[in-house]
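What follows is the residue order along each chain.
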Amino acid sequence: RKEVEQDPGPFNVPEGATVAFNCTYSNSASQSFFWYRQDCRKEPKLLMSVYSSGNEDGRFTAQLNRASQYISLLIRDSKLSDSATYLCVVAMDSSYKLIFGSGTRLLVRP
Amino acid sequence: DAGVIQSPRHEVTEMGQEVTLRCKPISGHDYLFWYRQTMMRGLELLIYFNNNVPIDDSGMPEDRFSAKMPNASFSTLKIQPSEPRDSAVYFCASSPRGLRGRHTYNEQFFGPGTRLTVL
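This one's a predicted model, so the numbers in the text were calculated from it and none came from an experiment.

The rules behind these values
Position labels on residues start from 1 in each chain and follow its written sequence. Going through the entries in the order they are written, you letter the chains from A and number the ligands from 1. In keeping with the model being predicted, local features are shown solely for residues with a pLDDT of at least 70 and side-chain atom pairs are shown and tallied solely at 80 or more, while totals for entire chains, interfaces and linings include all residues. Heavy atoms from the whole structure form the basis of all side-chain values; hydrogens and water molecules are not counted. Secondary structure elements follow DSSP: runs of H or I no shorter than four residues count as helices, runs of E no shorter than two count as strands, and numbering proceeds from the N terminus. Contacts are assigned to residue pairs with any non-hydrogen atoms lying within 4.5 Å of each other. Working definition: a ring pair exists when centres of Phe, Tyr or Trp rings (six-membered ring for Trp) sit within 6.5 Å. Plane angles under 30 degrees give stacked, over 60 give edge-to-face, the rest tilted. Burial classes follow relative accessibility: with a 1.4 Å probe on protein chains only, a residue under 20% of its type's maximum area counts as buried, one over 50% as exposed, and anything between as partly exposed. A pair of strands is considered paired only if DSSP assigns at least 2 bridges between the two. Axis definition: a line fitted to C-alpha atoms, limited for helices to the stretch in contact. Angles are taken between N-to-C directions and run from 0 to 180 degrees. Only buried Ala, Val, Leu, Ile, Met, Phe, Trp, Tyr and Cys residues count toward a nonpolar core, and they belong to the same one when joined by side-chain atoms within 4.5 Å. Computed with a 1.4 Å rolling probe, the buried area is the accessible surface lost when two parts are put together, summed over both parts. We count a salt bridge whenever a side-chain nitrogen from Lys or Arg sits within 4 Å of a carboxyl oxygen from Asp or Glu. Within 3.5 Å is the distance limit for a polar contact, defined as a pair of N or O atoms, with the added protein rule that one can donate a hydrogen and the other accept it, and that residues adjacent in sequence qualify only through two side-chain atoms.

(A) Spatial organisation of the environment of Arg115 of chain B. Take Arg115 of chain B: it is sitting in strand 11 (residues 114-118). For the pair Arg115 of chain B and Ala88 of chain B, spaced 27 residues apart in sequence, the C-alpha to C-alpha distance is 6.1 Å. Residues within four places of Arg115 of chain B in sequence aside, it is in contact with Arg41 of chain A together with Arg9, His10, Glu11, Ala88 and Val89 of chain B.

(B) Representation of the packing of aromatic side chains in the model. A full pass over the atoms with the stated rule returns 13 aromatic pairs over all chains. Between Phe21 of chain A and Tyr86 of chain A the ring centres are 5.3 Å apart and the planes differ by 35°, which places this aromatic pair in the tilted class. Placement of the pair is Phe21 of chain A in strand 3 (residues 19-25) and Tyr86 of chain A in strand 9 (residues 84-91), with a sequence separation of 65 residues. Across the pair, exposure class does not vary: Phe21 of chain A and Tyr86 of chain A are buried alike. Joined through ring pairs, the aromatic side chains of Tyr36 and Phe100 of chain A together with Tyr31, Phe33, Tyr35, Tyr48, Phe91 and Phe110 of chain B make up one cluster.

(C) Up close: the sheet that holds strand 7 (residues 65-71) of chain B. Residue and element names in this part refer to chain B. Within the open sheet, the 4 strands sit side by side as 1-3-8-7. Their pairing is antiparallel. With one partner strand each, in any of the chains shown, strand 1 (5-7) and strand 7 form the two edges of the open sheet. Neighbour-to-neighbour, the strand axes of this sheet turn through a mean angle of 15°, independent of strand direction. Pairing between strand 7 and strand 8 (residues 74-79): 5 bridges, direction antiparallel. Looking at the pairing, Lys68 lines up with Thr76 of strand 8.

(D) Up close: the nonpolar core. In terms of nonpolar packing, the biggest core is built from 25 residues, with Phe21, Trp35, Ile71, Leu73, Ile75, Tyr86 and Leu106 of chain A touching the most fellow members. Among the elements of the structure, strand 3, strand 4 (32-38), strand 5 (44-50), strand 7 (60-65), strand 8 (70-75), strand 9 and strand 11 (104-109) of chain A are those that each provide at least two residues to this core. Listed in part, the 21 residues of the second largest apolar core include Leu32, Leu46, Met69 and Ala88 of chain B.

(E) Spatial organisation of the interface of chain A and chain B. Each partner contributes to the interface: chain A provides 20 residues, whereas chain B provides 25 residues. A combined buried area of about 1900 Å² lies between chain A and chain B, and 53% of that area is made up of carbon and sulfur atoms. It is Tyr96, Lys97 and Phe100 of chain A that lose the most area in chain A upon contact with chain B, and together they represent 35% of the buried surface on that side. Counting across the chain A and chain B interface gives 1 salt bridge. The interface formed by chain A and chain B contains 4 residue pairs in polar contact (both at pLDDT 80 or more). Going through the elements one at a time, strand 4, strand 5 and strand 10 (98-100) of chain A are the ones with two or more residues in the side of chain A that touches chain B. The dominant element in the side of chain A that touches chain B, judged by the number of residues it contributes, is strand 4 of chain A, at 4 residues.

Have a look at this one:
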């Protein structure tokens with residue numbers, strides 16, 4: 001079983017739609033959680049961290065459920081520029097070692 | 001400000017040749033990471049350094065791979081001899097020292113990657 005699992009998609013949605021991605025992780029000792037974004041043929045970039053209380057950054061909302069070992073990302077009012085691959089990332093301990101999921105691809109159409 | 005710099009951006013080589021990938025981290029960052037990304041396996045951590053010292057190399061596939069960080073501003077990843085299955089995008093990333101209280105204390109900043117093709 002992979003340490004971090006994501007639905008690969010693609011999710012194909014119209015502009016303005018709301019879309020949600022889910023991610024599960026296998027190690028209950030995981031301490032830090034993130035969403036990274038990767039554009040086609042580019043490097044990954046941090047989108048947002050995920051906190052136990054849930055957090056919001058503009059149109060993006062991230063949630064963490066430790067009991068179910070589940071992370072989510074909600075994107076409201078999708079823009080064409082949101083088209084990318086979204087990587088769920090988990091840090092297993094206080095080290096700097098990150099475990100990346102395979103990514104969920106989002107396509108936002110006009 | 002310059003981000004993480006990698007060279008070359010593209011490398012095409014023949015099986016059996018030595019390949020050296022180079023990375024210059026962001027100035028002041030204490031951590032440096034080497035990753036490999038393929039369609040089949042996604043993004044995998046190969047090795048990471050703290051203050052130029054290798055901390056975890058458990059992701060290095062085999063003895064053909066080696067990495068060095070002779071100083072705070074330079075690192076290399078070498079493959080010798082290269083094989084077709086080594087074809088991938090290799091990313092270097094760096095991270096600043098962070099405090100536990102900072103939310104993004106272990107944010108990693110990635111370079112543009114080196115696309116390696118081994119024929």
